[in-house]
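# Examination of the molecular architecture
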Amino acid sequence: MNEFTSIDLTGESPESTPASTPGFEEPPSSIANAIPSSDRPVLCKEQQDLIELILTGRNVFFTGSAGCGKSTVLKAAVNLLYMMGKRVHVVAPTGRAALQVGGMSTWSYMGWTPDYHKLDIETLLHKGFRKHIKKRLKDTHVLIIDEISMVENHHLERMNICMKAVIAWNDWLKERDSGPPGTRRDAFAISKTIPAFGGIQVIVTGDFCQLPPVKPFEFCMHCGQEMIVDDDGAEFNCPDSHGPFLETHKWAFRSTAWEEADFVHVNLQEIHRQKDEYFIRMLQKCRLGIPFLPQETETLMNHPCDVQKATKLLCTRNEVAMVNRENFNRLKTPKLEYHALDGFIARQEVHTQLPQYHDRLSDGTLVACRDQRLEPHVTLRGGMLVILQINLDIKGGLVNGSQGIICGFERFSSVNLPKVHRGKDTEYIPSDQRIIGDHAKLREKQIQQFMEQQQGDPRLAKAWPRVLFHNGVKRVIYPSCVVNSVGDKEPYSLLHRTQIPLLPGWAMSVHRSQGMTLDRVIVDLSHAFEEGQVYVALSRATSLHGLKVMGSSSGLFVTGGNPEVQSFLLAKFGDRLFQSVREFSGHLTNGGDGEKYWAQG
């Protein structure tokens, strides 16, 4: 075990820095100056310390409360690793989560479909030797896994074993044939002798207090047979007697892969989304599973708030669909339709032969774009409550999750469409009319073609929506083109979708809201059914003033605080993580800040 196994970054640098992994370049002397200004996120000191640790080549797990800037760190780290010449792959457990961070799903990275979990481990690892998958895995220098809370124990372990076999095949063969003549060691025995994930650097991030893995231990990792779950869902058994596997061991941190990776564990402390200390402390309690005091429950249910034209966060998709449909149908204004423009540019021969990048659905959209965050079809009308899906103008407060009302429409014109701008005058061009960053020329072309597609179909809209956002800013919302790179080396193939980046804003599922920041939100937890749902929902709000909790207060007790997660956090970060929250609760019982907040309201 190395000296640095867990770090609580509170603004103080470690006394010493772990030695760099052989083959990794020294990190830039100044992180702040290493990233081009147009792409440079604002990093606090603990975030800079974390990035410096990542750049040493160590395996790192970093976590923290919602709003602590995990996504900001991830993007900055990826930029710097690329600048150091590293081939980086960013993956996440679902396609939608992966596209949020410009990556691919863990399934796509490994070349799997969900049915591959039905294969025994020996058959599965040989699937990794298909030409394009083998090349991807062997060419990877750094693997970054986002939203780790939703990655199941045996899914991570399957990845670990298969990557070991492909990346370190010579060592694998040597170990496989090291037994008595005529015998071969099994994959699990061989795996113990090979470095985690084949020896590449692995960066893992997420918050285990948020959404958990879905359907853990569905198929046996050893033989691929469907597992048999006991009556109370606590234990999974294989028909061939592999196991048992406990439901409490579903988490990635309970996997053999996690132990072998020997992560440095980092907990980010500074919260950037919320500024209200009282609200932050309540969110911390919810995250860690510390029950709310009666006065905290009363505050959450009945505090003064302004949630006019707010989005409702609901726990089931059926609830969301019903609320959005009912509110949309109440409006009498004309409907305007927008149809996504999808495309794929194959820059590598192998990609011209892969049907998943060329097959289209009956509506003309690409199958490969089905997990895109932008919708295939958008229907808008005046007076409609909407949510912005992109970071349009951070300085102006228009970010992913910003809410507003459609207050009009602007007729199509090429003059005001977003265009590529370079040079000293770029910063003076309105942010919604300039295109900068990667693939700028392609995005400009696709936005123009999107308008032409709309003009060529009499069923589609011929005007752009104008939105009055809750912060008072009014903007015309032009199409946005989201481009995802495909491949393991340059020139990358490009998968892209162009669409109006707006969603109906009356209701949204808690799952879909993960990662968003909402100025005004109404949370109905009556049907909360999953650990982490309440915490994810409450932590979308920027303040108590913009939060309303509806339904039964009993929903507030379906909080985070899974016992296994609590034990993990305690073991890695110590009691200090919990102590400050407990002290705050003690202060409240003596008539502290909570009662003052209520009185001021």
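Everything below is about the structure printed above this text.
All of these numbers come straight from a predicted model, not from anything done at the bench. (Residues numbered from 1 in each chain as written. Predicted model: local features only at pLDDT ≥ 70, side-chain atom pairs only at ≥ 80, totals over all residues. Heavy atoms only, no water.)

Let us now look at the packing of aromatic side chains. Aromatic ring pairs are defined here through the distance separating the ring centres and the angle between the ring planes. Across all of its chains, the model carries 18 aromatic pairs by this definition. Here F61 and W258 contribute two aromatic rings whose centre-to-centre distance is 5.1 Å and whose plane-to-plane angle is 65°, an arrangement assigned as edge-to-face. One end of the pair, F61, is in strand β2 (residues 60-64); the other, W258, is in helix α11 (residues 256-261), and 197 residues separate them in sequence. Take F61: its relative accessible area is 0%, and that puts it in the buried class. With relative accessibility at 4%, the residue W258 sits in the buried group. With 5.8 Å between their ring centres and 65° between their planes, F208 and W258 make a pair best called edge-to-face. Here F208, found in the loop between β6 (201-205) and β7 (228-229), pairs with W258, found in helix α11; they are 50 residues apart in sequence, far enough to count as distant. (Phe/Tyr/Trp six-rings, centres within 6.5 Å; stacked < 30°, edge-to-face > 60°. Helix = DSSP H or I, 4+ residues; strand = E, 2+ residues; numbered from the N terminus. Buried < 20%, exposed > 50% of the residue type's maximum accessible area, 1.4 Å probe, protein only.)

A few words on the nonpolar core. Within the largest apolar cluster, 52 residues are counted, with the highest numbers of intra-cluster contacts made by I145, I148, M163, F197, F208, W258 and L569. Counting residues per element, this core draws most heavily on helix α8 (residues 153-167), at 8 residues. Shared between two domains, this core holds at least three residues of each, these being domain 1 (45-213 + 250-268) and domain 3 (277-309 + 518-584). If you look at the next biggest cluster of nonpolar residues, it comprises 42 residues, including L314, I390, L442 and C481. (Core = buried A, V, L, I, M, F, W, Y, C linked by side-chain atoms within 4.5 Å. Domains from an automatic or database assignment.)

Moving on to the sheet that holds strand β11 (residues 311-314). Read from one edge to the other, the open sheet built from 4 strands follows the order β24-β11-β25-β26, with strand pairing classed as parallel. Of all strands in the sheet, those with a lone pairing partner are β24 (507-509) and β26 (547-550), marking the two edges. For this sheet, the mean angle separating the axes of adjacent strands, direction not counted, is 25°. Direction of pairing for β11 relative to β24: parallel, over a ladder of 3 bridges. Note that in β24 the partner of L313 across the bridge is M508. Sitting on the sheet, helix α14 (residues 317-330) is in contact with β11 and β24, with an inclination near 165° to β24. (Pairing = 2+ DSSP bridges. Axes fitted to C-alpha atoms, helices over the stretch in contact; angles between N-to-C directions. Contact = heavy atoms within 4.5 Å.)

Here we take up the sheet that holds strand β8 (residues 235-237). A sheet is described by the order of its strands in space; here 3 strands give the open sequence β7-β8-β9, paired in antiparallel fashion. Taken across any chain shown, the strands that pair with only one partner, and hence form the sheet edges, are β7 and β9 (245-246). Note: β7 against β8, 2 bridges, orientation antiparallel. Bridged to I228 within β8 is N237.

What follows deals with helix α12 (residues 277-288). Here α12 spans 16 Å end to end across 12 residues, near enough to the 16 Å set by a 1.5 Å rise per residue. Most of α12 is tucked away: 10 of the 12 residues are buried. Every buried residue belonging to α12 is among Y278, F279, I280, M282, L283, Q284, K285, C286, R287 and L288, and all of these are buried. Trailing α12 by a residue or two, G289 shows a phi angle of about 80°, which is positive. (Expected span 1.5 Å × (residues − 1).)

A few words now on the pairing of β11. In this sheet, strand β25 (residues 521-524) lies alongside β11 in parallel orientation, the contact comprising 3 bridges. The residue of β25 that forms the bridge with K312 is I522.

Attention now goes to the packing of α12 against helix α13 (residues 294-302). Contact geometry for α12 and α13: axes closest at 12 Å, N-to-C directions at 110°. Judged by the angle between their axes, α12 and α13 are roughly perpendicular. Pair α12 / α13 crosses with left-handed handedness. Contact residues: Y278, M282 and K285 in α12; Q295, E296, T299 and L300 in α13. Tallied by class, residues from the contact of α12 with α13 come to 3 nonpolar, 2 polar and 2 charged. (Parallel < 35°, antiparallel > 145°, perpendicular 65-115°, else oblique. Left-handed = near helix turned anticlockwise from the far one by under 90°. Nonpolar A, V, L, I, M, F, W, Y, C, P; charged D, E, K, R; others polar.)

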